[in-house]
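Analysis of the macromolecular model
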Amino acid sequence: RLFKQLTVLENVIAGFHTRRDIPAWQYIFHGAAFARDQKRCFDEAMSLLEFVGLSKRAELLAGSLSYGEQRMLEVARALATGPRLLMIDEPAAGLNAAEVDALLAQIVELRKRGITVVMVEHNMELVMTIADRILVMDHGEYLFEGTPSEVQADPGVVAAYLGADVQ
C-alpha cells in the first residue's frame, strides 16, 4: 500500500529500507555516510520514477495520482527493494490500454535486467504476450501448465474459460 500522505518520491525512497548501508548511529547523528546514502537513494528513486513514467510527478502527493499512476508507483517502490524475484498481483487491473502497453514494456525491461516476474493476471492478452510459462487455475484448482501456445490449445482450458464442451 502506498503512503498517500507522502510524495511520490518519498514513497519510492521508503522502499530502500532494506538496502540501507550505514551505521545505525548515523540515523541520529547524520554524518558523511548518511549524506551519501541519502543521495544514492534519491538518485536511484528518480531513476525508478523515470522507468515507470512518474519522474515529473515526484513532488506530488501519492494520494493525488490517478489509479494507474498509483499502480506504477507501487511497482517503483517494489523495485527499490532490489528484488531478484518480483511477484505482482493483477498489475493491469484498472489500467487503460496505453497504461497496459507501458506495463508490458516495463515487464519486458525487468526481464532483460534479470528480474524474474511472477504475475497473477486475468488480462489474457497481456499474459499471452509476456509469459514464458503459464499456470492456469479454475476456481482455485490447478487446471493446466505450459507455454502460451500450449495453454491456448488445451481443451480443458478452452472449456473452462470459453464455456466450450470438451469431447
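This paragraph deals with the overall build of the chain. Helices and strands together make up the secondary structure of the chain, namely seven helices and four strands. The order of helices and strands in the chain, counted from the N terminus, is α-α-α-β-α-β-α-β-β-α-α. Against the compact-globule benchmark of 15 Å for 167 residues, the chain has a radius of gyration of 20 Å, which places it well outside the compact range. In terms of overall dimensions, the chain has C-alpha extents of about 70 × 30 × 25 Å along its principal axes. Here the chain displays about 10,200 Å² of accessible surface, and carbon together with sulfur accounts for 56% of that area.

Turning next to the pattern of salt bridges. Taken as a whole and judged by the stated rule, the model has eight salt bridges. Note that Arg-40 and Asp-37 form a salt bridge whose closest N and O atoms lie 2.8 Å from each other. You can see Arg-40 and its partner Asp-37 sitting in helix H2 (residues 32-51), three residues apart, about one turn around the helix. Linking Arg-111 and Asp-132 is a salt bridge whose minimum nitrogen-to-oxygen distance equals 2.4 Å. Of this pair, Arg-111 sits in helix H4 (residues 97-112) while Asp-132 sits in the loop between helix H5 (124-130) and strand S3 (134-138); the two residues are 21 residues apart in sequence, bridging distant segments of the chain. Residue Arg-111 is classed as partly exposed on the basis of its relative accessible area, which comes to 33%.

Before going further, it helps to spend a moment on the packing of helix H3 (residues 67-80) against H4. Closest axis-to-axis distance for the H3/H4 pair is 11 Å, and the angle between their directions is 10°. Looking at the two axes, H3 sits roughly parallel to H4. Of the residues in H4, those touching H3 at Gly-68, Glu-69, Met-72 and Leu-79 are Glu-99, Leu-103, Gln-106 and Leu-110. A breakdown of the residues in the contact of H3 with H4 according to their chemical character gives four nonpolar, two polar and two charged.

Right, let's talk about the pairing of strand S4 (residues 141-146) for a bit. Relative to S4, S3 runs antiparallel, the two being bridged by five bridges. From the neighbouring strand, Asp-138 faces S4, where its bridge partner is Glu-141. Turn length for the S3-S4 hairpin, with the two strands adjacent in sequence and antiparallel, is two residues, and the turn residue His-139 shows positive phi of about 55°.

Judged by nonpolar contacts, the single largest core of 32 residues is most densely connected at Val-12, Leu-49, Leu-73 and Leu-79. Looking at this core, the elements that each hand over two or more residues are helix H1 (8-14), H2, H3, strand S1 (85-89), H4 and H5. Top element by residues in this core is H3. It accounts for six residues. Contact partners of Leu-49, with chain neighbours within four places excluded, come to Val-8, Leu-9, Val-12, Leu-54, Ser-55, Ala-58, Leu-73 and Ala-76. Within the second largest apolar cluster, seven residues are counted, among which are Val-127, Ile-134, Phe-144 and Val-151.

Per-residue pLDDT for the chain averages 91, and the proportion of residues at 70 or more is 98%. Here helix H7 (residues 155-162) stands out as the element of the chain with the lowest mean pLDDT, 87, in contrast to H1, whose mean of 96 is the highest.

Thresholds, definitions, all that
- Residues numbered from 1 in each chain as written.
- Predicted model: local features only at pLDDT ≥ 70, side-chain atom pairs only at ≥ 80, totals over all residues.
- Heavy atoms only, no water.
- Helix = DSSP H or I, 4+ residues; strand = E, 2+ residues; numbered from the N terminus.
- Rg over C-alpha atoms; globule rule 2.2 N^0.38 Å.
- Areas by Shrake-Rupley, 256 points an atom, 1.4 Å probe, with all protein chains shown as cover.
- Salt bridge = Lys/Arg side-chain N within 4 Å of Asp/Glu carboxyl O.
- Buried < 20%, exposed > 50% of the residue type's maximum accessible area, 1.4 Å probe, protein only.
- Axes fitted to C-alpha atoms, helices over the stretch in contact; angles between N-to-C directions.
- Parallel < 35°, antiparallel > 145°, perpendicular 65-115°, else oblique.
- Contact = heavy atoms within 4.5 Å.
- Nonpolar A, V, L, I, M, F, W, Y, C, P; charged D, E, K, R; others polar.
- Pairing = 2+ DSSP bridges.
- Core = buried A, V, L, I, M, F, W, Y, C linked by side-chain atoms within 4.5 Å.
- pLDDT = per-residue confidence, 0-100.

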